[in-house]
Amino acid sequence: MKKVVKFGGSSLADSKQFEKVKNIILADDSRVYVVPSAPGKRNNNDIKITDLLYKCYELAKEGKNFSDSFSIIQERYNEIIRGLNLSLDLGEEFSKIEVKLLNEPEKDYTASRGEYLNGLIMANYLGFEFIDPSEVIFFDNSGNFEPDKTDSALSARLEKTSHAVIPGFYGISESGRITTFSRGGSDITGSIVARACRAAVYENWTDVSGLLMADPKIVNNPAVMKNITYRELRELSYMGASVMHEDAIFPVKKAGIPINIRNTNKPEDGGTWIVANTARRSKFMITGIAGRKDFCSIIIAKDLMHSQSDFYRKVVQCFEENNIPPEHLPSGIDTMTVIVQESKFIEHEQEVLRRIAKFVEPDSLEVESGIALIAVVGRSMKAQTGTAAKIFQALAEERINVRMIDQGASELNIIVGVLNEDFERAIRAIYSKFVN
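The rules behind each value
Residues numbered from 1 in each chain as written. Predicted model: local features only at pLDDT ≥ 70, side-chain atom pairs only at ≥ 80, totals over all residues. Heavy atoms only, no water. Core = buried A, V, L, I, M, F, W, Y, C linked by side-chain atoms within 4.5 Å. Buried < 20%, exposed > 50% of the residue type's maximum accessible area, 1.4 Å probe, protein only. Helix = DSSP H or I, 4+ residues; strand = E, 2+ residues; numbered from the N terminus. Contact = heavy atoms within 4.5 Å. Axes fitted to C-alpha atoms, helices over the stretch in contact; angles between N-to-C directions. Parallel < 35°, antiparallel > 145°, perpendicular 65-115°, else oblique. Left-handed = near helix turned anticlockwise from the far one by under 90°. Nonpolar A, V, L, I, M, F, W, Y, C, P; charged D, E, K, R; others polar. Pairing = 2+ DSSP bridges.

## What to know about the nonpolar core
Logical step 1: The biggest cluster of nonpolar side chains holds 71 residues, and the ones touching the most others in it are V4, Y33, L158, I274 and I374.
Logical step 2: If one sorts the elements of this core by residue count, strand β14 (residues 364–377) sits on top with 7 residues.
Logical step 3: Leave out the neighbours within four places in its chain, and I274 touches L211, I228, T229, Y230, L233, M244, P258, I259 and I261.
Logical step 4: Within the second largest apolar cluster, 41 residues are counted, among which are L12, V21, A60 and I121.

Okay, structure coming up:
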């Protein structure tokens, strides 16, 4: 049995965290492939290495001196090396990065060095082989990940390697340029490695003991989700829940590999299991709650709109032509509502409204901004009555007005829209009704 273990930035912030990580890896012989992130914050006043690298790039791009930030980066890595009593010298690697910044600064290359350098330290510390993702993870020249080409090359490489460290976050394009995933992309690398070696489990180690049922910044001490399906996680991630990158689901989902979210600082905790399907019931009627602020609703009313076969297509096209993706499309008999992100809509607002007025000639057209969307997600909801009633009761008791309601055909989630100013209060009310 093989396990892939990915460690986040907080798990590798200093030498003491590295020691914890080594103990975790050596405690289980099946933990054979390690995916490290760049060093994260050591405390609330600290700066992540990736942020410092981005700062160096911005300064270099403008022809400004970046030596202060670069010196901090060098000292952070050297401090880790000294703390682990390693004989490793990264001086040559630092020189390469510095020369690149001075002569030909590239954003993705610069950002990727955080994981690259941490991977070199981790491989040296564990005595594992180092595999540079630029040799086995591929993107096209537009920055799109190439899964099949990657899986073929990485699988072949891992077949010849019993234990390895593969840094997260980056790969290489067809033209030979270092290319990164979006922020948090080390989670995706871990998932890609798990698929390539057909791992039994993909363990994602972070600083919390699993996925929480709600945002701890909003709800005090929320419960941990012990088991959650890929589909539930996708719904919650899309609506703002963040412990791992939402795109990390796809490679392992395709291969049927479960993900186990664990806490580096509390390795005895079981964490959260993310699986394709499960017969295990949630402890509560719902699995989790998540949400995001700052949406707009555009409400279109027209008598007998349902008799016009192309009505909905024409409305959606008005948004598509301005590169504004509709988030939700709740509708009534003679009304259609389009929910979009406010930041994407405002710039093209009048053009979109003009096109709607021209192409579908609505009886009325209303726009409302400052809407927050809250998703209540749970695989057990469809088997139980009264879920929606409970949500609305919780909001009514807090005198929170519901601006929009949407439920998917799968009955996996119920989405409600409230005003931005009611967002936190609404989440606390719903959580309290179902969990407390």
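## Points about the side chain of T50
Logical step 1: In this structure, T50 sits in helix α2 (residues 49–61).
Logical step 2: Ignoring any residue separated from it by four or fewer positions in sequence, one finds T50 in contact with A38, E115 and R183.

## Section: the packing of α2 against helix α3 (residues 67–83)
Logical step 1: The interhelical angle for the contact between α2 and α3, taken along N-to-C directions, is 150 degrees, at an axis separation of 9 Å. Viewed along their axes, α2 and α3 adopt a mutual orientation that is roughly antiparallel. Two packed elements cross with a definite hand, and for α2 against α3 that hand is left-handed. Note on element contacts: α3 touches α2 through S69, F70, I72, I73, R76 and Y77, opposite I49, L52, L53, K55 and C56.
Logical step 2: Considered class by class, the residues forming the contact of α2 with α3 number 8 nonpolar, 1 polar and 2 charged.

## Considerations on the sheet that holds strand β11 (residues 272–275)
Logical step 1: The mixed open sheet is built from 8 strands, whose spatial order is β3-β5-β2-β1-β8-β10-β11-β9. Edge positions in the sheet fall to β3 (129–130) and β9 (227–229), since each has one partner strand and no second.
Logical step 2: Here strand β8 (residues 201–206) runs beside strand β10 (residues 259–263); their pairing, made up of 5 bridges, is parallel. Within the sheet, the bridge partner assigned to Y202 lies in β10 and is I259.

## Some remarks on unusual backbone geometry
Logical step 1: The residue R198 is not glycine, and still its phi comes out positive at about 50 degrees.
Logical step 2: In this fold, R198 is placed in the loop between α7 (186–196) and β8.
Logical step 3: Even without a glycine there, the phi angle at R399 is positive, about 55 degrees.
Logical step 4: Residue classification places R399 among the exposed positions, given a relative accessible area of 76%.

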